[in-house]
Amino acid sequence: IMIVQRDGIIVAVDADNLLITSRSPKKIRGYSRIAGFQRMFEWISTYGRILRVDFYLSPEQCVYKDCLWGDIWRRYKDAFHVSFYNCPQKISSEGDLETTEDNVDEHLVYNTREAVNFFANRVKYLCLASGDVDYSKFLWELKQKRSIETMFVIGSEPSFSRVYRKVGLVAADPFNSKKELVYRFSPNKK
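First, a word on what this report is: a plain description of the structure on this page.

**Some details on the overall build of the protein**
Looking only at helices and strands, the protein features 7 helices and 10 strands. Here the protein holds 190 residues, and 47% of them are scored as buried. Taking the intrachain contacts of the protein between residues at least 6 apart in sequence as the baseline, contacts between residues at least 24 apart amount to 75%. Accessible surface for the protein amounts to roughly 10700 Å². Of this, 51% is attributable to carbon and sulfur atoms.

See below:
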């Protein structure tokens, strides 16, 4: 009989939400998104084994000229599964009015649900790199039906929805129960 330890972490990164809310001017000496992601992965790894990291990219994020996503893939592809999802805007029309809307939320929820199903009982945490309230229903479902706790990576405190704290969706730090599993992403080198 093989016993599977439930210590895995699935990481879902809403790239626009994370990077826009943590923006630092490139003029600041020592600005590095790669260093920010490295520190983020180190923090996540203190709570379990990263099973996979999925980045959800808007069309604007897909055309970064500095090859951020390729650099991340090359650096971490041997440590854990890394995927990038292009989430084009969808067009909706009401009468004569056409609007475009973000499609990242739908992709993130669908693919993360599939990843949780694939890894079954090995997942202890979902690390959501976004403070967007739109994910609350999905996170509540994971907690109630799968006993999966949520840890967060946020760009700034104002970008973090208060709803997550009010309804108890923020996991407590297992090493210090008075502390939440919320990490502040920073692209500045330290």
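**Quick word on the pattern of salt bridges**
A full pass over the atoms with the stated rule returns 6 salt bridges. Here Glu 141 and Arg 113 are joined by a salt bridge, their closest N and O atoms 3.0 Å apart. With Glu 141 in helix H6 (residues 136-146) and Arg 113 in helix H5 (residues 104-119), the pair connects residues that are 28 residues apart, well separated along the chain. Overall, Arg 113 belongs to the partly exposed group, its relative accessible area being 30%. Close ionic contact of Arg 165 with Glu 157 constitutes a salt bridge, the shortest N to O distance being 2.6 Å. Overall, Arg 165 belongs to the partly exposed group, its relative accessible area being 34%. Judged by relative accessible area, which is 43%, Glu 157 ranks as partly exposed. Connected through salt bridges with shared partners, the residues Glu 157, Arg 165 and Glu 180 form a single ionic network.

**Comments concerning the side chain of Asn 17**
Mapped onto the secondary structure, Asn 17 falls in helix H1 (residues 15-21). A distance of 3.4 Å separates a polar side-chain atom of Asn 17 from the backbone nitrogen of Gly 131. Leaving out residues up to four positions away in the same chain, Asn 17 has contacts with Ser 130, Gly 131 and Asp 132.

**Observations concerning the nonpolar core**
As a rule of thumb, soluble globular proteins bury nonpolar side chains together. Grouped together as the largest cluster of nonpolar side chains are 32 residues, with contacts concentrated most on Phe 37, Met 40, Phe 41, Ile 44, Phe 55 and Val 153. Among the elements of the structure, strand E1 (8-14), H1, helix H2 (33-45), strand E2 (49-57), helix H4 (68-76), strand E6 (123-129) and strand E7 (149-154) are those that each provide at least two residues to this core. Looking at this core element by element, the count peaks at 6 residues for H2. Dropping the residues within four chain positions of it, Phe 55 is found in contact with Val 13, Phe 37, Phe 41, Trp 69, Ile 72, Val 82, Ser 83, Phe 84 and Tyr 85. Ile 10, Leu 51, Val 109 and Ala 115 belong to the second-largest nonpolar core, a separate cluster that totals 25 residues.

What counts and how
- Residues numbered from 1 in each chain as written.
- Predicted model: local features only at pLDDT ≥ 70, side-chain atom pairs only at ≥ 80, totals over all residues.
- Heavy atoms only, no water.
- Helix = DSSP H or I, 4+ residues; strand = E, 2+ residues; numbered from the N terminus.
- Buried < 20%, exposed > 50% of the residue type's maximum accessible area, 1.4 Å probe, protein only.
- Contact = heavy atoms within 4.5 Å.
- Areas by Shrake-Rupley, 256 points an atom, 1.4 Å probe, with all protein chains shown as cover.
- Salt bridge = Lys/Arg side-chain N within 4 Å of Asp/Glu carboxyl O.
- Polar contact = N/O pair within 3.5 Å; in protein donor to acceptor, adjacent residues only side chain to side chain.
- Core = buried A, V, L, I, M, F, W, Y, C linked by side-chain atoms within 4.5 Å.

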